[in-house]
Every structure is written in structure tokens, then in C-alpha cells.
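Structural overview
Here are the chains, one letter per residue:
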Amino acid sequence: MVELQLRSRDVADERVLAAMERVPRELFVPDSLRDRAYDDAALPIGGGQTISQPYMVARICEALALRGDERVLDVGSGSGYQAAVLAELAAEVDTIERMPELAELARANLLAAGYDRVRVHTGDGSRGLSERAPFDAIAVAAAAPELPQTLYEQLEPRGRLVVPVGRRGIQRLEVITRSPEGPAVIRSVPCRFVPLVGEEGF
Ligand code: SAH
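This section reports on the structure supplied with the text. Computed from a prediction, not measured in an experiment: that's the story for all the values here. (Residues numbered from 1 in each chain as written. Predicted model: local features only at pLDDT ≥ 70, side-chain atom pairs only at ≥ 80, totals over all residues. Heavy atoms only, no water.)

On to the sheet that holds strand 7 (residues 155–167), then. Strand order in the open sheet made by the seven strands is 5-4-3-6-7-8-9, with mixed pairing throughout. Looking along the sheet, the strands with just one partner apiece sit at the ends: strand 5 (119–122) and strand 9 (184–191). On average, each strand axis in the sheet is tilted by 20° relative to the strand beside it, whichever way the strands run. As judged from the six bridges shared by strand 8 (residues 170–177) and strand 9, these two strands associate in the antiparallel manner. Bridge pairing in strand 9 links Glu174 to Arg187. The sheet contacts of helix 5 (residues 100–112) involve strand 4 (92–97) and strand 5, and relative to strand 5 the element is tilted by about 175°. (Pairing = 2+ DSSP bridges. Helix = DSSP H or I, 4+ residues; strand = E, 2+ residues; numbered from the N terminus. Axes fitted to C-alpha atoms, helices over the stretch in contact; angles between N-to-C directions. Contact = heavy atoms within 4.5 Å.)

Below is the structure:
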């Protein structure tokens, strides 16, 4: 997976590649799909949701440019996989999921894989997680119609937010840095994520 799907497609951050080598993805997919855990694809996890394609997880992590001492918010826990990779890259990870049964799934998967430091919350992550803000980095694994303002406001100065922005079905991964002049936005790769459903989502 790391060589064929990530390195060959220009994921260059060695910390991200090493983190993705360490996290056992098979522990985050349903038992019936275990033999496809390292496919180059998103896979169903229940509730009409998916565990993201490994390449997109790597892109998001790389765009956050983590060094190890950050506090990170992961919006859209799903299987918990992205949160586990982030836990390899940063000091503290909070993850929030709107569907209670998926929050429970993420909690169980993270525990089984040994990531008991990750805090799993249930609620509308389109409004962030005010009781734990501000964050050095925020990763969103669901598509927003526009930049979610509250998430931006929960960033530390120079903090980074990575979020797919666009229409249902097709988006672009946006990398937003908080700066005194306002959001500095870089548009990255095209992508297709499930919708962010909530007050500042669809
Ligand atoms: N990071 C996950 C990807 C899951 S797909 C993984 O690695 O498996 C995106 C997830 O975002 C879904 O589980 C969906 O239920 C959740 N989601 C959608 N809108 C949300 C919102 N407003 N707040 C929190 N989670 C949300």
C-alpha cells in the first residue's frame, strides 16, 4: 500500500509514510472485507459511510504538516482509521462523529488497535469541538459546501485545516492556514467524500 499507492503518487512526507505503515488498517474495516483492507479504495463501514481511501488519508495528513507536538481534531471518525494515523503523527487527538453507532465503532476499533489515547466524541463536528479548542490542526473527512467558519475559528494562529470543499459527489481538498490577514487557502487534489451533515455542512 505504502509503496504502490502512496510513494508512487508523490506522498513524500516520511513521517506520514511510516505512520501508515504502522497502523493495521485491517482492524478498521468490517470482518467481511478484511481481505480488501489494503485496496486502493474507500470501503463501506455501515450507516452508508466509508473508511477513506488510503491515498486521501495520506494526503490529508501530509497537508497538515505535523511534527509530533500538536493537538489535532479529526472530524468524521467513521472507522477511526484516520484518527489512528493522526495519533502516530501528533501529541493529542480528539475525534468527533455524528452517528452514535459509528462513534462506538471508532472507539472499539481504536482500542483494539492500541490507540486508547484518542478521545472519541459524538456530535456535530461541523461546529468543531469548542470544549477542546483551539487546535493546531483540524482534519475533516467529509465534504463541506464551503469553508466551515467555526472550524477555522477553532484553529491556533498559523494552525491548519484540511477539508474537502465543493458539491456533493465532487470536491477539492482545501488546505487552509489561519493567518492575521484571514484564511490562506491552497486548493489541492480533486476528491469525492461523503457529505458533512450538520449546521455548517450540507
Ligand atoms: N475518517 C473516517 C472516514 C469516515 S467517512 C475513517 O477513517 O474511517 C466520514 C464520516 O464523517 C462518516 O462517518 C460520517 O458519519 C461523518 N460525519 C458526517 N458529517 C459529520 C458531522 N457534521 N460531524 C461529525 N461527523 C460527521
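For the rest of this paragraph, the subject is unusual backbone geometry. In this structure, the amide linkage connecting Ala133 to the following residue, Pro134, adopts the cis form with an omega of 0°. When you line up the elements, Pro134 lands in the loop between strand 5 and strand 6 (135–140). Not every positive phi belongs to a glycine, and Ala65 is a case in point at roughly 50°. In this fold, Ala65 is placed in the loop between helix 3 (54–64) and strand 3 (71–75).

The values are spatial; any link to function lies outside them.
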